[in-house]
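A structural walkthrough
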Amino acid sequence: MLSKAIPPVLLVLCLLSGCVDSYDPQLPGNIDIVIVDGTINNLPEQQVIRLNRSKSDPINGRPGFMALTKAKVQVVVDSAQVIEAHETYDGVYYLPADFRGQTGHAYQLRFTLSDGSTYESTQQVMPDVPPIGKVRAEFNPSSLSPILLDGYTAAHDFYLDTQDPEGQTNYYKWDWKLWEKQEWCRSCEKGAYSINTVVIKYDFYGNAYFETGPDLFENCFYPPPLVNSRSQPYWVYDYKCRTKCWAIFFSAELNLFADSYTDGGPISNRRVAQIPFYQHGGSLVELRQSSLTPSAYRFFKDLEVQTQNSGSVVDPPPTASIGNVQNVANRRELVVGYFTAAGVATVRYWLDRKDTRGAPPGLFLAMVGRDPNPELPPPNYTHVEIKDNHTNSSRPYTAICLDSEKQTSYMPQGWRE
(Lines give C-alpha, C1' and ligand atoms only; values in the text may rest on other atoms or scores of the structure.)
Protein backbone atom coordinates (compact mmCIF):
# COMPACT_ATOMS: atom_id res chain seq x y z
CA MET A 1 0.00 0.00 0.00
CA LEU A 2 1.38 3.41 -0.95
CA SER A 3 0.82 6.34 1.37
CA LYS A 4 -0.37 9.74 0.21
CA ALA A 5 1.13 11.45 3.25
CA ILE A 6 3.95 13.85 2.52
CA PRO A 7 5.20 15.35 5.79
CA PRO A 8 8.09 14.49 6.09
CA VAL A 9 8.55 10.86 5.10
CA LEU A 10 12.20 11.09 4.22
CA LEU A 11 13.15 12.68 7.51
CA VAL A 12 11.42 9.96 9.49
CA LEU A 13 13.31 7.37 7.48
CA CYS A 14 16.46 9.28 8.33
CA LEU A 15 15.73 8.93 12.03
CA LEU A 16 14.92 5.23 11.79
CA SER A 17 18.04 4.49 9.73
CA GLY A 18 20.31 6.07 12.31
CA CYS A 19 21.54 9.18 10.53
CA VAL A 20 21.20 11.36 13.62
CA ASP A 21 24.59 11.21 15.27
CA SER A 22 23.41 10.92 18.89
CA TYR A 23 20.67 8.36 18.27
CA ASP A 24 21.40 5.03 19.96
CA PRO A 25 18.68 2.53 18.97
CA GLN A 26 19.59 0.38 21.99
CA LEU A 27 18.44 3.05 24.47
CA PRO A 28 14.66 3.34 24.95
CA GLY A 29 13.31 6.86 25.13
CA ASN A 30 16.43 8.44 23.60
CA ILE A 31 14.80 10.39 20.76
CA ASP A 32 13.20 13.81 21.25
CA ILE A 33 13.90 15.77 18.10
CA VAL A 34 12.28 18.68 16.27
CA ILE A 35 11.81 18.01 12.54
CA VAL A 36 11.62 20.88 10.05
CA ASP A 37 10.51 20.65 6.42
CA GLY A 38 10.12 23.76 4.28
CA THR A 39 11.11 25.10 0.88
CA ILE A 40 10.32 28.55 -0.48
CA ASN A 41 9.92 28.48 -4.26
CA ASN A 42 9.00 30.85 -7.07
CA LEU A 43 5.76 29.12 -8.12
CA PRO A 44 2.28 30.71 -7.85
CA GLU A 45 1.25 28.31 -5.09
CA GLN A 46 1.00 28.55 -1.32
CA GLN A 47 4.35 28.18 0.44
CA VAL A 48 4.32 25.66 3.29
CA ILE A 49 6.40 25.03 6.43
CA ARG A 50 5.93 21.77 8.36
CA LEU A 51 6.97 21.31 11.99
CA ASN A 52 6.92 17.94 13.73
CA ARG A 53 8.57 16.15 16.60
CA SER A 54 9.90 12.61 16.76
CA LYS A 55 9.91 11.24 20.29
CA SER A 56 10.68 7.76 21.59
CA ASP A 57 8.14 5.69 23.45
CA PRO A 58 9.52 5.49 27.02
CA ILE A 59 8.79 1.74 27.19
CA ASN A 60 9.75 0.21 23.85
CA GLY A 61 11.98 3.00 22.55
CA ARG A 62 10.27 3.20 19.17
CA PRO A 63 10.10 6.72 17.74
CA GLY A 64 6.66 8.28 17.50
CA PHE A 65 5.61 11.22 15.39
CA MET A 66 3.54 14.26 16.37
CA ALA A 67 2.73 17.62 14.83
CA LEU A 68 4.05 20.75 16.55
CA THR A 69 1.00 22.97 16.82
CA LYS A 70 0.46 26.56 17.96
CA ALA A 71 3.92 27.71 16.90
CA LYS A 72 4.70 31.25 15.74
CA VAL A 73 6.29 30.84 12.30
CA GLN A 74 7.96 33.55 10.21
CA VAL A 75 9.99 33.77 7.02
CA VAL A 76 12.42 36.70 6.81
CA VAL A 77 13.17 38.03 3.31
CA ASP A 78 16.55 39.71 2.70
CA SER A 79 17.02 40.23 6.48
CA ALA A 80 14.32 42.92 6.36
CA GLN A 81 10.78 41.84 5.47
CA VAL A 82 9.01 39.50 7.92
CA ILE A 83 6.25 37.24 6.52
CA GLU A 84 3.94 35.55 9.03
CA ALA A 85 2.76 31.99 8.45
CA HIS A 86 -0.53 30.64 9.82
CA GLU A 87 -1.35 27.10 10.91
CA THR A 88 -3.83 25.55 8.47
CA TYR A 89 -3.56 21.91 9.53
CA ASP A 90 -1.85 20.52 12.64
CA GLY A 91 1.84 21.34 12.30
CA VAL A 92 1.37 22.71 8.76
CA TYR A 93 1.94 26.47 8.41
CA TYR A 94 0.95 28.34 5.24
CA LEU A 95 2.38 31.67 4.18
CA PRO A 96 -0.04 34.20 2.63
CA ALA A 97 -1.57 33.02 -0.63
CA ASP A 98 0.00 35.85 -2.66
CA PHE A 99 3.52 35.30 -1.33
CA ARG A 100 6.11 33.55 -3.47
CA GLY A 101 9.86 33.55 -3.63
CA GLN A 102 12.10 35.27 -6.16
CA THR A 103 15.43 34.11 -7.48
CA GLY A 104 18.42 36.00 -6.09
CA HIS A 105 16.68 36.86 -2.81
CA ALA A 106 17.61 35.48 0.63
CA TYR A 107 15.18 33.65 2.94
CA GLN A 108 15.44 32.62 6.57
CA LEU A 109 13.01 30.64 8.74
CA ARG A 110 12.27 31.62 12.35
CA PHE A 111 9.77 29.93 14.65
CA THR A 112 8.88 29.79 18.31
CA LEU A 113 7.19 26.72 19.79
CA SER A 114 4.38 26.84 22.33
CA ASP A 115 6.90 26.18 25.13
CA GLY A 116 8.86 29.32 24.20
CA SER A 117 11.77 27.59 22.44
CA THR A 118 12.97 29.67 19.48
CA TYR A 119 14.65 28.32 16.35
CA GLU A 120 16.15 29.85 13.22
CA SER A 121 17.70 28.63 9.99
CA THR A 122 20.64 29.85 7.99
CA GLN A 123 19.90 32.22 5.11
CA GLN A 124 19.21 30.60 1.77
CA VAL A 125 19.52 32.51 -1.52
CA MET A 126 17.17 31.16 -4.20
CA PRO A 127 19.04 30.01 -7.33
CA ASP A 128 17.59 30.22 -10.82
CA VAL A 129 16.38 27.08 -12.59
CA PRO A 130 16.36 26.19 -16.30
CA PRO A 131 13.03 25.25 -17.92
CA ILE A 132 12.00 21.64 -18.50
CA GLY A 133 12.29 20.58 -22.12
CA LYS A 134 10.86 17.47 -23.72
CA VAL A 135 8.87 15.05 -21.50
CA ARG A 136 7.85 11.49 -22.31
CA ALA A 137 6.08 8.71 -20.42
CA GLU A 138 6.60 4.98 -20.96
CA PHE A 139 4.50 2.18 -19.46
CA ASN A 140 6.68 -0.28 -17.54
CA PRO A 141 4.97 -3.39 -16.09
CA SER A 142 7.89 -3.98 -13.69
CA SER A 143 8.82 -0.42 -12.73
CA LEU A 144 8.09 -0.55 -8.99
CA SER A 145 9.39 -2.72 -6.20
CA PRO A 146 6.81 -5.45 -5.41
CA ILE A 147 6.85 -4.48 -1.71
CA LEU A 148 5.47 -0.99 -2.40
CA LEU A 149 1.99 -1.86 -3.61
CA ASP A 150 1.34 -5.41 -2.38
CA GLY A 151 2.94 -7.01 -5.42
CA TYR A 152 1.73 -4.59 -8.10
CA THR A 153 4.76 -3.29 -9.98
CA ALA A 154 3.33 -1.54 -13.06
CA ALA A 155 3.88 2.19 -13.49
CA HIS A 156 4.64 4.85 -16.06
CA ASP A 157 8.27 5.91 -16.09
CA PHE A 158 8.66 9.62 -16.87
CA TYR A 159 11.74 11.02 -18.59
CA LEU A 160 12.69 14.62 -19.35
CA ASP A 161 15.33 16.72 -21.08
CA THR A 162 16.72 20.04 -19.87
CA GLN A 163 19.66 22.27 -20.75
CA ASP A 164 22.16 22.88 -17.95
CA PRO A 165 23.44 26.51 -17.84
CA GLU A 166 27.11 26.98 -18.65
CA GLY A 167 29.73 28.48 -16.34
CA GLN A 168 28.11 27.73 -12.99
CA THR A 169 27.62 24.73 -10.74
CA ASN A 170 23.99 23.64 -10.57
CA TYR A 171 22.30 21.24 -8.20
CA TYR A 172 19.02 19.61 -9.19
CA LYS A 173 16.22 17.78 -7.41
CA TRP A 174 13.20 16.27 -9.17
CA ASP A 175 9.81 15.56 -7.60
CA TRP A 176 6.33 14.79 -8.82
CA LYS A 177 2.74 15.39 -7.82
CA LEU A 178 -0.18 13.25 -8.97
CA TRP A 179 -3.95 13.81 -9.06
CA GLU A 180 -6.28 10.79 -9.36
CA LYS A 181 -10.09 10.92 -9.65
CA GLN A 182 -11.52 9.53 -6.44
CA GLU A 183 -14.74 7.49 -6.18
CA TRP A 184 -14.85 6.94 -2.41
CA CYS A 185 -14.78 10.00 -0.16
CA ARG A 186 -15.22 8.85 3.43
CA SER A 187 -14.71 5.85 5.72
CA CYS A 188 -16.46 5.57 9.10
CA GLU A 189 -14.86 3.14 11.54
CA LYS A 190 -17.48 1.85 13.99
CA GLY A 191 -19.81 4.60 12.79
CA ALA A 192 -22.03 5.69 9.92
CA TYR A 193 -22.05 8.75 7.69
CA SER A 194 -24.87 11.24 8.13
CA ILE A 195 -25.74 14.38 6.19
CA ASN A 196 -27.52 15.95 9.18
CA THR A 197 -26.77 15.85 12.87
CA VAL A 198 -27.90 12.71 14.70
CA VAL A 199 -30.02 12.94 17.85
CA ILE A 200 -30.07 10.11 20.41
CA LYS A 201 -33.57 9.37 21.71
CA TYR A 202 -35.07 6.70 23.98
CA ASP A 203 -38.27 4.72 23.68
CA PHE A 204 -40.73 3.82 26.46
CA TYR A 205 -38.53 0.91 27.57
CA GLY A 206 -35.32 2.97 27.73
CA ASN A 207 -33.85 1.64 24.50
CA ALA A 208 -31.78 4.14 22.54
CA TYR A 209 -32.53 4.93 18.90
CA PHE A 210 -31.18 7.55 16.48
CA GLU A 211 -32.87 10.21 14.37
CA THR A 212 -31.50 12.96 12.16
CA GLY A 213 -31.73 16.50 13.44
CA PRO A 214 -32.26 19.75 11.52
CA ASP A 215 -28.63 20.91 11.29
CA LEU A 216 -26.09 20.05 8.61
CA PHE A 217 -23.42 17.58 9.78
CA GLU A 218 -21.73 15.83 6.81
CA ASN A 219 -19.60 13.60 9.01
CA CYS A 220 -19.33 10.20 10.63
CA PHE A 221 -21.70 9.59 13.53
CA TYR A 222 -20.28 7.32 16.21
CA PRO A 223 -22.96 5.72 18.42
CA PRO A 224 -22.32 5.49 22.16
CA PRO A 225 -21.53 2.05 23.62
CA LEU A 226 -24.56 -0.09 24.27
CA VAL A 227 -25.62 -0.48 27.89
CA ASN A 228 -24.64 -3.86 29.40
CA SER A 229 -22.80 -4.77 26.17
CA ARG A 230 -19.80 -7.03 26.81
CA SER A 231 -18.04 -6.13 23.58
CA GLN A 232 -18.59 -3.86 20.64
CA PRO A 233 -18.46 -5.44 17.18
CA TYR A 234 -15.99 -3.97 14.71
CA TRP A 235 -17.09 -2.58 11.38
CA VAL A 236 -16.14 0.07 8.86
CA TYR A 237 -18.41 1.58 6.22
CA ASP A 238 -17.11 3.34 3.12
CA TYR A 239 -19.11 6.02 1.28
CA LYS A 240 -18.96 7.10 -2.36
CA CYS A 241 -18.38 10.73 -3.30
CA ARG A 242 -21.37 13.04 -3.79
CA THR A 243 -19.10 15.83 -5.03
CA LYS A 244 -16.09 15.68 -7.33
CA CYS A 245 -12.91 14.67 -5.56
CA TRP A 246 -9.27 14.13 -6.48
CA ALA A 247 -6.74 12.21 -4.41
CA ILE A 248 -3.28 13.81 -4.28
CA PHE A 249 -0.07 11.80 -4.20
CA PHE A 250 3.53 13.00 -3.85
CA SER A 251 6.88 11.43 -4.65
CA ALA A 252 8.68 9.95 -1.65
CA GLU A 253 12.17 9.24 -3.03
CA LEU A 254 15.05 11.64 -3.56
CA ASN A 255 16.19 12.19 -7.14
CA LEU A 256 19.30 14.40 -7.19
CA PHE A 257 21.94 15.49 -9.70
CA ALA A 258 24.97 17.82 -9.66
CA ASP A 259 26.45 19.08 -12.93
CA SER A 260 30.03 18.92 -11.64
CA TYR A 261 31.24 16.96 -14.67
CA THR A 262 28.66 18.01 -17.27
CA ASP A 263 28.61 21.81 -16.89
CA GLY A 264 26.71 23.48 -19.71
CA GLY A 265 25.69 20.25 -21.38
CA PRO A 266 22.24 18.80 -22.00
CA ILE A 267 20.62 16.58 -19.39
CA SER A 268 18.87 14.05 -21.57
CA ASN A 269 16.43 11.23 -20.91
CA ARG A 270 16.58 11.64 -17.13
CA ARG A 271 14.06 9.43 -15.33
CA VAL A 272 12.32 11.67 -12.83
CA ALA A 273 9.12 9.84 -11.88
CA GLN A 274 7.48 6.44 -11.55
CA ILE A 275 3.71 6.95 -11.51
CA PRO A 276 1.94 3.80 -10.25
CA PHE A 277 -0.77 2.19 -12.38
CA TYR A 278 -3.53 2.62 -9.79
CA GLN A 279 -6.56 2.57 -12.11
CA HIS A 280 -7.51 2.62 -15.78
CA GLY A 281 -8.75 6.20 -15.81
CA GLY A 282 -6.49 9.07 -16.79
CA SER A 283 -4.55 11.10 -14.25
CA LEU A 284 -2.68 14.40 -14.08
CA VAL A 285 1.05 14.43 -13.34
CA GLU A 286 3.11 17.48 -12.41
CA LEU A 287 6.89 17.13 -12.81
CA ARG A 288 8.92 19.56 -10.68
CA GLN A 289 12.55 20.45 -11.39
CA SER A 290 14.22 22.29 -8.50
CA SER A 291 17.51 24.15 -8.40
CA LEU A 292 19.02 23.74 -4.93
CA THR A 293 21.52 25.77 -2.97
CA PRO A 294 24.87 23.97 -2.46
CA SER A 295 24.21 23.41 1.26
CA ALA A 296 20.69 22.05 0.62
CA TYR A 297 22.08 19.67 -2.00
CA ARG A 298 24.67 18.34 0.47
CA PHE A 299 21.97 17.76 3.07
CA PHE A 300 19.64 15.92 0.69
CA LYS A 301 22.54 13.93 -0.77
CA ASP A 302 23.52 12.74 2.72
CA LEU A 303 19.88 11.90 3.38
CA GLU A 304 19.65 9.99 0.10
CA VAL A 305 22.67 7.89 1.03
CA GLN A 306 21.30 7.13 4.49
CA THR A 307 17.71 6.33 3.53
CA GLN A 308 18.26 4.50 0.26
CA ASN A 309 21.57 2.73 0.84
CA SER A 310 21.74 2.03 4.59
CA GLY A 311 21.42 -1.28 6.36
CA SER A 312 19.18 -2.09 9.31
CA VAL A 313 18.33 0.24 12.16
CA VAL A 314 20.81 -1.55 14.44
CA ASP A 315 23.77 -0.79 12.19
CA PRO A 316 26.25 1.78 13.58
CA PRO A 317 25.02 5.20 12.43
CA PRO A 318 27.34 6.88 9.91
CA THR A 319 28.04 10.61 10.11
CA ALA A 320 25.48 12.74 8.29
CA SER A 321 24.24 16.30 8.07
CA ILE A 322 21.65 17.30 10.66
CA GLY A 323 20.30 20.39 8.90
CA ASN A 324 20.47 24.16 8.97
CA VAL A 325 18.00 24.94 11.77
CA GLN A 326 19.16 25.56 15.34
CA ASN A 327 17.71 26.32 18.74
CA VAL A 328 18.74 29.94 19.37
CA ALA A 329 19.31 29.37 23.10
CA ASN A 330 20.83 25.89 22.80
CA ARG A 331 22.97 25.40 19.70
CA ARG A 332 23.80 21.85 20.81
CA GLU A 333 20.20 20.65 20.41
CA LEU A 334 19.82 18.38 17.40
CA VAL A 335 17.23 19.61 14.91
CA VAL A 336 16.57 17.40 11.90
CA GLY A 337 15.47 18.71 8.53
CA TYR A 338 16.22 21.60 6.26
CA PHE A 339 14.77 24.95 5.31
CA THR A 340 15.80 26.22 1.91
CA ALA A 341 14.82 28.25 -1.13
CA ALA A 342 14.69 26.71 -4.60
CA GLY A 343 13.85 27.89 -8.06
CA VAL A 344 11.32 25.42 -9.50
CA ALA A 345 10.22 24.72 -13.07
CA THR A 346 7.14 22.57 -13.67
CA VAL A 347 5.36 20.73 -16.45
CA ARG A 348 1.89 19.18 -16.21
CA TYR A 349 1.26 16.06 -18.25
CA TRP A 350 -2.07 14.36 -18.93
CA LEU A 351 -1.50 10.61 -18.53
CA ASP A 352 -4.33 8.85 -20.41
CA ARG A 353 -3.05 5.32 -19.60
CA LYS A 354 -4.22 3.97 -22.96
CA ASP A 355 -0.96 2.06 -23.33
CA THR A 356 -1.37 0.03 -20.12
CA ARG A 357 -1.56 -3.75 -19.88
CA GLY A 358 -2.98 -5.93 -17.15
CA ALA A 359 -5.34 -5.15 -14.27
CA PRO A 360 -4.53 -2.39 -11.76
CA PRO A 361 -5.34 -2.82 -8.06
CA GLY A 362 -7.84 0.04 -8.02
CA LEU A 363 -7.30 3.38 -6.31
CA PHE A 364 -9.15 2.52 -3.08
CA LEU A 365 -7.18 -0.70 -2.53
CA ALA A 366 -3.92 1.10 -3.28
CA MET A 367 -4.72 3.86 -0.77
CA VAL A 368 -6.35 1.90 2.05
CA GLY A 369 -5.04 -1.65 1.62
CA ARG A 370 -8.46 -3.31 1.31
CA ASP A 371 -11.56 -3.34 -0.87
CA PRO A 372 -14.36 -0.87 -0.04
CA ASN A 373 -17.10 -2.00 2.33
CA PRO A 374 -20.21 0.06 1.58
CA GLU A 375 -23.10 0.39 4.01
CA LEU A 376 -26.00 -1.75 2.74
CA PRO A 377 -29.27 -0.05 1.83
CA PRO A 378 -32.44 -0.76 3.84
CA PRO A 379 -33.97 -3.16 4.69
CA ASN A 380 -30.58 -4.87 5.08
CA TYR A 381 -29.08 -5.08 8.54
CA THR A 382 -26.66 -2.28 9.43
CA HIS A 383 -24.74 -1.69 12.64
CA VAL A 384 -26.18 1.82 13.01
CA GLU A 385 -29.87 2.41 12.23
CA ILE A 386 -30.62 6.13 11.78
CA LYS A 387 -34.14 7.35 11.01
CA ASP A 388 -33.97 10.22 8.51
CA ASN A 389 -36.52 12.94 9.16
CA HIS A 390 -34.91 15.93 7.50
CA THR A 391 -33.35 15.07 4.14
CA ASN A 392 -34.67 13.81 0.84
CA SER A 393 -31.83 11.32 0.55
CA SER A 394 -32.00 7.66 1.41
CA ARG A 395 -29.39 5.52 3.07
CA PRO A 396 -26.68 4.81 2.42
CA TYR A 397 -25.70 8.44 1.94
CA THR A 398 -22.92 9.69 -0.26
CA ALA A 399 -20.19 11.90 1.22
CA ILE A 400 -18.74 15.28 0.34
CA CYS A 401 -15.06 15.72 -0.53
CA LEU A 402 -13.14 17.31 2.35
CA ASP A 403 -10.26 19.50 1.17
CA SER A 404 -6.92 18.64 2.74
CA GLU A 405 -3.30 18.10 1.77
CA LYS A 406 -4.31 14.62 0.60
CA GLN A 407 -7.36 15.43 -1.50
CA THR A 408 -9.17 18.32 -3.15
CA SER A 409 -12.64 19.16 -4.40
CA TYR A 410 -11.20 21.72 -6.86
CA MET A 411 -10.47 20.50 -10.37
CA PRO A 412 -6.70 20.77 -10.89
CA GLN A 413 -5.55 22.91 -13.80
CA GLY A 414 -4.88 20.62 -16.75
CA TRP A 415 -7.42 17.96 -15.79
CA ARG A 416 -9.41 16.41 -18.64
CA GLU A 417 -12.92 15.08 -18.11
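Anything mentioned here points back to the structure above.
First, a word on what this report is: a plain description of the structure on this page. Since this is a predicted model, take the numbers as computed values, not measurements. (Residues numbered from 1 in each chain as written. Predicted model: local features only at pLDDT ≥ 70, side-chain atom pairs only at ≥ 80, totals over all residues. Heavy atoms only, no water.)

Topic: the overall build of the protein chain
Definition in use: Helix and strand definitions here come from DSSP, where helices need a minimum of 4 consecutive H or I residues and strands a minimum of 2 consecutive E residues; each element is numbered from the N-terminal end. For every residue, the accessible area (1.4 Å probe, protein chains only) is compared with the maximum for its type, and the residue is labelled buried under 20%, exposed over 50%, or partly exposed between those bounds. Every residue pair with non-hydrogen atoms within 4.5 Å of one another is taken to be in contact. The accessible surface values rely on the Shrake-Rupley method and a 1.4 Å probe; as for residues, cover is taken only from the protein chains in view.
Summing up its helical and strand segments, the protein chain has 3 helices and 24 strands in all. Residues classed as buried in the protein chain amount to 47% of the 417 residues present. Residue pairs at least 24 apart in sequence account for 74% of intrachain contacts in the protein chain once pairs closer than 6 positions are excluded. A total of about 21,100 Å² of accessible surface is found on the protein chain, and carbon and sulfur atoms cover 51% of it.

So, the sheet that holds strand β10 (residues 132-140)
Quick note on the threshold: The criterion for strand pairing is that DSSP finds at least two bridges linking the strands in question. Every axis corresponds to a line fitted to the C-alpha atoms, with the helix fit spanning only the stretch in contact, and the corresponding angles, defined between N-to-C directions, vary from 0 to 180 degrees.
The strand order β10-β11-β19 describes an open sheet built from 3 strands, whose pairing is antiparallel. The open sheet has two edge strands with one neighbour each: β10 and β19 (266-276). Ignoring which end each strand starts from, the neighbouring axes of this sheet average 20 degrees apart. Two strands pair when backbone bridges link them, and strand β11 (residues 155-163) and β19 are joined in this way by 8 bridges, in the antiparallel orientation. Residue pairing in the sheet places T162 in a bridge with I267 of β19.

So, the state of the cysteines
Here, disulfide denotes a covalent bond that connects the sulfur atoms of two cysteines. Put simply, the rule is: Two cysteine sulfur atoms make up a disulfide if the distance between them is within 2.5 Å.
Enumeration according to the criterion identifies 3 disulfides in this entry. Paired through a disulfide, C188 and C220 show a sulfur-sulfur distance of 2.0 Å. A torsion of -80 degrees about the S-S bond marks the disulfide between C188 and C220 as left-handed. Residue C188 is found in strand β13 (residues 184-189), and its partner C220 is found in strand β15 (residues 208-221); the two are separated by 32 residues along the sequence. What makes C220 buried here is its relative accessible area of 5%. Across a sulfur-sulfur distance of 2.1 Å, C245 and C401 are joined as a disulfide pair. One quick way to see it: the torsion about the S-S bond of C245 and C401 is about 55 degrees, and its sign makes the bridge right-handed.

A short note on the pairing of strand β4 (residues 72-77)
The buried fraction of β4 amounts to 5 of the 6 residues, a majority that puts the element mostly inside the structure. Note: β4 against strand β7 (residues 106-112), 6 bridges, orientation antiparallel. Its bridge partner being in β7, V75 is matched across the sheet by L109. Sheet topology note: the β4/strand β5 (residues 81-89) ladder contains 5 bridges and is antiparallel. Its bridge partner lying in β5, V73 is registered against A85. Between β4 and β5, which follow one another and run antiparallel, lie 3 residues, and D78 among them has a positive phi close to 55 degrees.

Quick notes on unusual backbone geometry
In this structure, the amide linkage connecting P378 to the following residue, P379, adopts the cis form with an omega of 10 degrees. Residue placement: P379 occurs in the loop between α3 (363-368) and β23 (386-387). Residue R395 is joined to P396 through a cis peptide bond whose omega torsion reads 0 degrees. Of note, P396 is situated in the loop between β23 and β24 (407-408). Located in the positive-phi region is K190, a residue other than glycine, with phi close to 60 degrees. The residue K190 is located in the loop between β13 and β14 (192-202) in this model.

Quick notes on the sheet that holds β23
Strand order in this open sheet of 3 strands is β14-β15-β23, and the pairing throughout is mixed. Both outer strands of the open sheet, β14 and β23, are each paired with one neighbouring strand and no more. Pairing of β14 with β15 involves 9 bridges; the strand directions are antiparallel. Each residue of the ladder has a partner; that of V199, found in β15, is E211.

Things to note about the packing of aromatic side chains
Under the convention used in this document: In this analysis, rings of Phe, Tyr and Trp, with Trp reduced to its six-membered ring, are considered paired at centre separations within 6.5 Å, and the interplanar angle assigns stacked below 30 degrees, edge-to-face beyond 60, and tilted for intermediate values. Geometrically, a charge over a ring is one whose NZ (Lys) or CZ (Arg) sits within 6 Å of the ring centre while staying within 35 degrees of the ring normal.
Applying the stated criterion to the full structure yields 18 aromatic pairs. Taking 6.5 Å as the distance between ring centres and 35 degrees as the angle between the ring planes, the aromatic pair formed by W174 and F257 counts as tilted. Pair noted here: W174 is in strand β12 (residues 171-181) and F257 is in strand β18 (residues 256-258), with a separation of 83 residues, a long-range link. On the basis of an interplanar angle of 90 degrees and a centroid distance of 5.3 Å, the ring pair of F204 and Y205 is categorised as edge-to-face. Of the two residues, F204 and Y205, neither departs from the other in class, the shared state being exposed. Directly above the aromatic system of F300 lies the positively charged group of K173, at a separation of 5.3 Å from the ring centroid.

Describing the pattern of salt bridges
Let me state the cut-off plainly: Basic side-chain nitrogens of Lys or Arg form a salt bridge, by our definition, when they fall within 4 Å of a carboxyl oxygen of Asp or Glu.
Taken as a whole, this structure holds 18 salt bridges when the rule is applied. Residue D157 is joined to R271 by a salt bridge in which the shortest nitrogen-to-oxygen separation is 3.8 Å. Note that D157 is positioned in strand β11 and R271 in strand β19, a separation of 114 residues in sequence. Overall, the relative accessible area of 1% leaves D157 in the buried class. Note on R271: relative accessible area 36%, which makes it partly exposed.

A few points about empty space enclosed by the protein
Definition in use: Within this scheme a cavity is a closed region of a 1 Å grid, computed over the protein atoms alone, that accommodates a 1.4 Å probe without allowing it to escape, whereas a pocket is open but has protein on both sides within 12 Å along at least five of seven lines; lining residues each have an atom within 4 Å of a point. Grid points are joined across faces, edges and corners, and a volume is the space filled by probe spheres set on the points. In this classification, Asp, Glu, Lys and Arg are treated as charged, Ala, Val, Leu, Ile, Met, Phe, Trp, Tyr, Cys and Pro as nonpolar, and every other residue, Gly included, as polar.
One pass over the full model with this rule turns up 1 cavity of 30 Å³ or more. Looking at the lining of the largest cavity residue by residue, the classes come out as 5 nonpolar, no polar and 1 charged.

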